[in-house]
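The primary structure of each chain is shown beneath.
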Amino acid sequence: AQSVTQPDIHITVSEGASLELRCNYSYGATPYLFWYVQSPGQGLQLLLKYFSGDTLVQGIKGFEAEFKRSQSSFNLRKPSVHWSDAAEYFCAVSAREYGNKLVFGAGTILRVKS
Amino acid sequence: EAGVAQSPRYKIIEKRQSVAFWCNPISGHATLYWYQQILGQGPKLLIQFQNNGVVDDSQLPKDRFSAERLKGVDSTLKIQPAKLEDSAVYLCASSLVGGRDTEAFFGQGTRLTVV
């Protein structure tokens, strides 16, 4: 069965510090990988996506993520966090073999302290 | 380009009542999804349409939930009768069909409160 695990429910970082949010997946097919961000009362906004090619992908708002097939991971990183980054972050996975069904992790809530 | 439109934004109903949500996807997007997001959890897929056909409804509680996508464009999701545990945000998303364009674009959602 397809599944996505985000091990950290909450993460708190200081403004200006670096950030890494973890995502692991279990898929029996070549995955497409996504990170979405959700601010309170808002819909989901796509930060970045990986379909193929270069395993380090750049996204909006200074975020990047690295696909590591050997570890079944797609961790999200940002070198310097801003207070406006406080939100909930979701990792999601799909695959053409599964009808492009998008499966989400449980999310990680990011708190930024000044 | 207009995004995914959903209405209403908020709805409060009593248990055992019925409710309907509406979604207008991005023009030209053949795939439409309905997700349920319970507070503190990630979105859970309820149903996925490809044009007006159902691709996946394995997690749709069919005894009370129904969805349709007439003419392969707009979609409605209905709950009848509602239960307290149906309180959640209902998200609609759409994407282009086929190839590498599996990126889904989300609406702002409908927040349902069942009392």
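Structure shown above.
A brief report on the enclosed structure follows. This is a predicted model, so every value here is computed, not measured.

**Quick word on the overall build of chain B**
No. 1: A count of helices and strands for chain B gives zero helices and 11 strands.
No. 2: Scanning chain B from its N terminus toward the C terminus, one meets helices and strands in the order β-β-β-β-β-β-β-β-β-β-β.
No. 3: Over its C-alpha atoms chain B spans a radius of gyration of 13 Å, differing by no more than 12% from the 13 Å that the globule rule assigns to 115 residues.
No. 4: When the backbone C-alpha atoms are referred to their principal axes, chain B occupies close to 40 × 25 × 25 Å.
No. 5: In chain B, which comprises 115 residues, the proportion classed as buried is 45%.
No. 6: Pairs at least 24 residues apart make up 53% of the contacts formed inside chain B by residues separated by at least 6 positions.
No. 7: The averaged location of the 11 negative side-chain charges in chain B is 6 Å from the averaged location of its 13 positive side-chain charges.

**Section: the interface of chain B and chain A**
No. 1: The partner chain A presents 22 residues to the 22 residues of chain B that form the contact.
No. 2: Surface buried jointly by chain B and chain A totals about 1800 Å² across both partners, of which 48% is contributed by carbon and sulfur atoms.
No. 3: Remark: the boundary between chain B and chain A carries two salt bridges.
No. 4: Here A:K49 ties to B:E103 by a salt bridge, and the two come within 2.6 Å at their closest N and O atoms.
No. 5: Run the count over chain B and chain A and you get six residue pairs in polar contact (both at pLDDT 80 or more).
No. 6: Every element with two or more residues in the side of chain B that touches chain A is listed here: strand 4 (31-37) and strand 5 (44-50) of chain B.
No. 7: The element best represented in the side of chain B that touches chain A is strand 4 of chain B, accounting for three residues.

**Let's talk about the side chain of B:E103**
No. 1: Inspection of the secondary structure assignment puts B:E103 in the loop between strand 9 (88-95) and strand 10 (105-106).
No. 2: For B:E103, a relative accessible area of 15% corresponds to the buried category.
No. 3: A polar side-chain atom of B:E103 sits 2.6 Å from a polar atom in the side chain of A:K49.

Thresholds, definitions, all that
- Residues numbered from 1 in each chain as written.
- Chains lettered and ligands numbered in written order.
- Predicted model: local features only at pLDDT ≥ 70, side-chain atom pairs only at ≥ 80, totals over all residues.
- Heavy atoms only, no water.
- Helix = DSSP H or I, 4+ residues; strand = E, 2+ residues; numbered from the N terminus.
- Rg over C-alpha atoms; globule rule 2.2 N^0.38 Å.
- Buried < 20%, exposed > 50% of the residue type's maximum accessible area, 1.4 Å probe, protein only.
- Contact = heavy atoms within 4.5 Å.
- Lys, Arg positive; Asp, Glu negative; His and termini not counted.
- Charge placed at Lys NZ, Arg CZ, Asp CG, Glu CD.
- Buried area = accessible area lost by both parts, 1.4 Å probe.
- Salt bridge = Lys/Arg side-chain N within 4 Å of Asp/Glu carboxyl O.
- Polar contact = N/O pair within 3.5 Å; in protein donor to acceptor, adjacent residues only side chain to side chain.

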